[in-house]
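# Per-entry structural report
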Amino acid sequence: MKHERRVRVMVAKPGLDGHDRGARIIARAYRDAGFEVVYTGLHQTPEEIVEAAIQEDVDMVGLSSLAGAHKYLFQTVVELLRERGAEDIVVCGGGIIPDEDIKKLKSAGVREIFTPGATLDEIVKWVKENVKPR
Amino acid sequence: MALTFNPKIFQDIDEKYAAWKKKLGKVFAKKPERLKRFSTVSDKKIADIYTPADLKDQDFAADIGFPGDYPFTRGVQPSMYRGRLWTMRMFAGLGTAEDTNRRFHLLVREGQTGLSTAFDMPTLMGYDTDSPKARGECGKCGVAIDTLKDMEDLFSGLPIDRITTSMTINPPAAVIWAMYIAMAEHRGIDRKVLGGTIQNDMLKEFVAQKTFMCPPEPSVRIVTDTVEFGTKEVPRWNTISISGYHIREAGSTAVQELAFTLADGIAYTEKALERGLHVDAFAPRFSFFFNSHLDFFEEVAKFRAARRMWARIMKERFGAKDPRSLWMRFHTQTAGCSLTAQQPYNNVVRTALQGLAAVMGGTQSLHTNSLDEVLAIPTEEAATIALRTQQIIAEESGVANTIDPLGGSYFVETLTNQMEEEAFELIHKIDHMGGMLAAIEQNFPQQEIADAAYHYQKQIDDHEKTVVGVNKYAIDAEDIPVEVLEIDEALETIQIEKTHRVKENRDGAALKQCLEKVGEACTGTENVMEHLITAVKAGATLQELCDVFRDVFGSYRDPGIY
């Protein structure tokens, strides 16, 4: 039987936003679900996140933003991953993100966006179904 | 010592209570209680009934008393809302200084009685809009302030000699305050008459809000500089707004909010005393800022306990004599984290209840959240409804007719006592760790809050706690149209051009000298404030000055624990 390694996920806080309640809860939920978790801590530039994601060889990057700069920050992470040939790293996001922006971000390559009210179970389930070890 | 209740009555109450419990047992034997466990939003267990027996040891004069009298459980002023209503102070900030200035004028026209400024993320973190760190963030969650020119545009046409201004700013608080003072002086207003507040509470940044620049120790040193400067130069200014709001928003319980906030207040007091200031010289200018969350009675009890605890701390621990040093004056904001994106109009009701709790708790000023704050920066319409909510509480509901209307409730008094007791236990724990700075270095409050936040989220997911419209009464495929304010991406370019114009019109040599002076003050022990005022008048930008702080003190990195 082939031994599959555990899913490795990165929870990242791009930009200057300090709201980390959600990101830290999600990181714990991922850990409790059996994923390997890397949490970047706050105030990361898109460049730093992409560099860390590649270095840490993660299967998914989960971005959290609650201060309105998600459009620029999320899109830039997706673009930089593509430039580095790492577009197979799944990017998802969460936070205070209006519906209009969700559409734009999804068409830019962000696979899923979770907004306030999403349950931990729902998010974990989505990761299990959509993220496989690379 | 005069007990509130005559001890003779307790035997009778105990007997009657036992009889009632027996009756209750029979009722629930047929059909059990509605919930397995009744608890507050902080998961504090609540009993089925409260009686005078819960207040056996209470001394009316020593513990409750009268408003304006120690320990101020019922309010800091003797008259409370019979004299003057709380200040209706709506937090506002968006886009450029000119945009926010328009919003300020609207709010003042609609009856608001104080100003409150929200800054954008780059400003909050000490970066100019043209910094690579600031890309995509200009004006998104507040107003962008890079230079004195922006500050002048922000308050243009507003009567800042008569209206007080609150500014939610922390790591760069000294610089933003310097800009405000410089702006007033350019308008011919003496700094001695300026009234307002800078949040300037760095300790809670490391614990909860997470906007930081330099490590904790030098951050608190700059805070102490502002306390010293304010005490001597700007006597009507609140130098720190010691904030529990963000602690609660980060997921703490009500008791943790209370304990960590007061522990922060203790730390600032100790630092100012070390500076050689007399407690009664600076303590009257400390103000507080709390959250008003969903659990109505828990919140009212928290506010009442907070006032009594601060009075006791200042008197017993620090020997303050001036009654103003013992007063906990506080601003309240309703709980942003309690609002839901689903069925957003329900947020108006949540906010009304939370605003009511703040008023029943005797707040000095109040911000009520707008229904759309969970989606974006409020539209004018939503901000107006939020202000009207306060006006309805104030002028229609009748709750402001009498002072501390819930005082004497067996439940509220018991809860007030319990919150005080539990919060003091936490404060003693922090004292044993070596005070709040040491506790922060050991990640103690951070971890406590993270645990509480995770516990609450689990309770929601497991349906132990209800969030209406989210885990109960949800609407499938909900599509309730709410207008959402969008900040124009082009603002960033406009703001950068404006800042560059200011930079091009400065005397380079004078500026260099100003920045050096600030650096020398930071390296040494001289108070940095006057040098900052001189520097912003010479055109120094926010980031240029914050870079001096970062160069001298180093940068703080988030430890990234979860």
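For clarity, every value in this text was computed on a predicted model and none was experimentally measured. (Residues numbered from 1 in each chain as written. Chains lettered and ligands numbered in written order. Predicted model: local features only at pLDDT ≥ 70, side-chain atom pairs only at ≥ 80, totals over all residues.)

## A few points about the overall build of chain B
Assigned secondary structure in chain B consists of 23 helices and 10 strands. Taken over C-alpha atoms, the radius of gyration comes to 24 Å for chain B, in line with the 24 Å a tight globule of 562 residues would show. For the C-alpha atoms alone, the extent of chain B along its principal axes is close to 85 × 60 × 45 Å. Taking all 562 residues of chain B together, 52% fall into the buried category. Relative to all contacts within chain B whose residues are 6 or more apart in sequence, the contacts with residues 24 or more apart total 77%. (Helix = DSSP H or I, 4+ residues; strand = E, 2+ residues; numbered from the N terminus. Rg over C-alpha atoms; globule rule 2.2 N^0.38 Å. Buried ≥ 20, exposed ≤ 12 C-beta atoms within 10 Å, placed from the backbone. Contact = placed C-beta atoms within 7 Å.)

## Let's talk about the packing of helix α15 (residues 346-360) of chain B against helix α16 (residues 380-395) of chain B
Residues and elements named next belong to chain B. Remark: α15 packs on α16, axes separated minimally by 10 Å, with the N-to-C direction vectors making an angle of 45°. Taken as axis vectors, α15 and α16 run oblique relative to one another. As for how α15 packs across α16, the hand of that crossing is right-handed. When α15 is examined against α16, the residues V348, T351, A352, G355, L356 and V359 are found in contact with a partner set consisting of I385, A386, T389, Q390 and I393. Here the residues of the contact of α15 with α16 are counted per class, giving 7 nonpolar, 4 polar and no charged. (Axes fitted to C-alpha atoms, helices over the stretch in contact; angles between N-to-C directions. Parallel < 35°, antiparallel > 145°, perpendicular 65-115°, else oblique. Left-handed = near helix turned anticlockwise from the far one by under 90°. Nonpolar A, V, L, I, M, F, W, Y, C, P; charged D, E, K, R; others polar.)

## Some details on the packing of helix α8 (residues 202-209) of chain B against helix α9 (residues 216-233) of chain B
Residues and elements named next belong to chain B. Running from N to C, α8 and α9 cross one another at 140°; their axes reach a closest spacing of 8 Å. Overall, the two elements α8 and α9 adopt an arrangement that is oblique. The residues of α9 that touch α8, namely those facing M202, L203 and F206, are P216, S219, V220 and V223. Considered class by class, the residues forming the contact of α8 with α9 number 6 nonpolar, 1 polar and no charged.

## Overview of the sheet that holds strand β5 (residues 112-114) of chain A
Residues and elements named next belong to chain A. Strands sit in the order β2-β1-β3-β4-β5 across an open sheet of 5 strands; the sheet is parallel. Across the chains shown, the open sheet's two edge strands, defined by having one partner strand only, are β2 (36-39) and β5. Ignoring strand direction, the axes of neighbouring strands in this sheet form an average angle of 20°. Of the pairings in the sheet, the one linking strand β1 (residues 8-12) to β2 comprises 4 bridges and is parallel in character. Residue V9 lies in a different strand from β2, and its bridge partner there is V37. (Pairing = 2+ DSSP bridges.)

## Side note on the nonpolar core
Grouped burial of nonpolar side chains is what soluble globular proteins tend to show. Of all hydrophobic cores here, the largest spans 197 residues; its most connected members are V61 of chain A together with A178 and L532 of chain B. No other element matches helix α7 (residues 173-186) of chain B, which puts 12 residues into this core. Once residues within four sequence positions are removed from consideration, A178 of chain B is found in contact with M529, L532, I533 and V536 of chain B. (Core = buried A, V, L, I, M, F, W, Y, C linked by C-beta atoms within 7 Å.)

## As for the interface of chain A and chain B
Residue-level contacts link 30 residues of chain A with 32 residues of chain B. Of all the secondary-structure elements, those providing two or more residues to the side of chain A that touches chain B are α1 (21-32), α3 (70-83) and α5 (120-130) of chain A. For the side of chain A that touches chain B, the leading source of residues is α1 of chain A, giving 5 residues. For the side of chain A that touches chain B, a count of residues per class yields 13 nonpolar, 10 polar and 7 charged.

## A look at the confidence of the model for chain B
Of the residues in chain B, 99% reach a pLDDT of 70 or more, and the chain-wide mean stands at 95. Reported confidence for the predicted complex is 0.88 by ipTM and 0.94 by pTM. (pLDDT = per-residue confidence, 0-100.)

## Things to note about the environment of G75 of chain B
All names here are of chain B. Along the chain, G75 turns up in the loop between α2 (60-64) and α3 (80-83). Measuring from C-alpha to C-alpha, the distance between G75 and Q459 comes to 34 Å, with 384 residues separating the pair along the chain. Ignoring any residue separated from it by four or fewer positions in sequence, one finds G75 in contact with P67, G68, M80, G362, I403 and D404.

## What about helix α21 (residues 508-523) of chain B?
Residue and element names in this part refer to chain B. The end-to-end C-alpha distance of α21 is 23 Å, a good match for the 22 Å that 16 residues give at a rise of 1.5 Å each. Looking at α21, one finds that the buried residues are C514, V518 and C522. Angular distribution of buried residues about the axis of α21 spans 80°; they occupy a single face of the element. Across α21 from its buried face, at more than 90 degrees, point the exposed residues A509 and T523. Residues of α21 that are buried make contact with α22 (529-537) and α23 (542-553). (Expected span 1.5 Å × (residues − 1). Arc of directions from axis to C-beta.)

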